[in-house]
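# Fold and geometry: a report
Residue strings, one per chain:
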Amino acid sequence: MNSSRRTFIKRGLLGAATIPLVNISVSEAKASGLPMLDPNIINAKALAYTDDYKTVQSKPEYKPDSTCLNCSYFNPENGACPIFAGFAVAAEGWCRAWRPVR
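Let me begin by describing the structure that accompanies this report. (Residues numbered from 1 in each chain as written. Predicted model: local features only at pLDDT ≥ 70, side-chain atom pairs only at ≥ 80, totals over all residues. Heavy atoms only, no water.)

### Some details on the overall build of the protein chain
A count of helical and extended segments in the protein chain gives two helices and zero strands. Counting all 102 residues of the protein chain, 25% fall into the buried class. Long-range pairs, those at least 24 residues apart, make up 69% of the contacts in the protein chain between residues at least 6 apart in sequence. With the model as given, the accessible surface of the protein chain reaches about 7300 Å², and the carbon-plus-sulfur share is 59%. (Helix = DSSP H or I, 4+ residues; strand = E, 2+ residues; numbered from the N terminus. Buried < 20%, exposed > 50% of the residue type's maximum accessible area, 1.4 Å probe, protein only. Contact = heavy atoms within 4.5 Å. Areas by Shrake-Rupley, 256 points an atom, 1.4 Å probe, with all protein chains shown as cover.)

Right, dumping it as structure tokens:
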């Protein structure tokens, strides 16, 4: 009986150790499920969103080195931005809502 108890405990620990791996693959699936924001959508246009910050460096509201990647709204895990709910934005994108990470 002791050997079956040990086997049970070992398998239980091994099974518990794989739970985080399942969570990682689920979050990766969610991340890939977000559609990329189309710059032609009305709210994207209103905030001058672009998927390449280099195209707006001449705008007066552009601050040097301001990209989605270093914006406090940007979620680097899945590319989501609450300003554009339901969409992923490009890490090298930019919009007028940019706020520095604190």
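This is not the end of the story, as more comes after the structure.
### Re the packing of aromatic side chains
One pass over the full model with this rule turns up three aromatic pairs. Each residue in the set Y53, Y62 and W94 is aromatic and connected to the rest through ring pairs, giving one cluster. (Phe/Tyr/Trp six-rings, centres within 6.5 Å; stacked < 30°, edge-to-face > 60°.)

### Considerations on unusual backbone geometry
Phi at A48 takes a positive value of approximately 55°, unusual for a residue other than glycine. Residue D65 is not a glycine yet carries a positive backbone phi of 65°. In this structure, D65 sits in the segment after α2 (42-46).

### Things to note about the state of the cysteines
This structure, assessed with the given rule, holds zero disulfides. Here C81 stays free of any disulfide, with the sulfur of C95 as its closest cysteine sulfur at 6.0 Å. Taking relative accessible area as the criterion, C95 reaches 8% and is therefore assigned buried. (Disulfide = S-S within 2.5 Å.)

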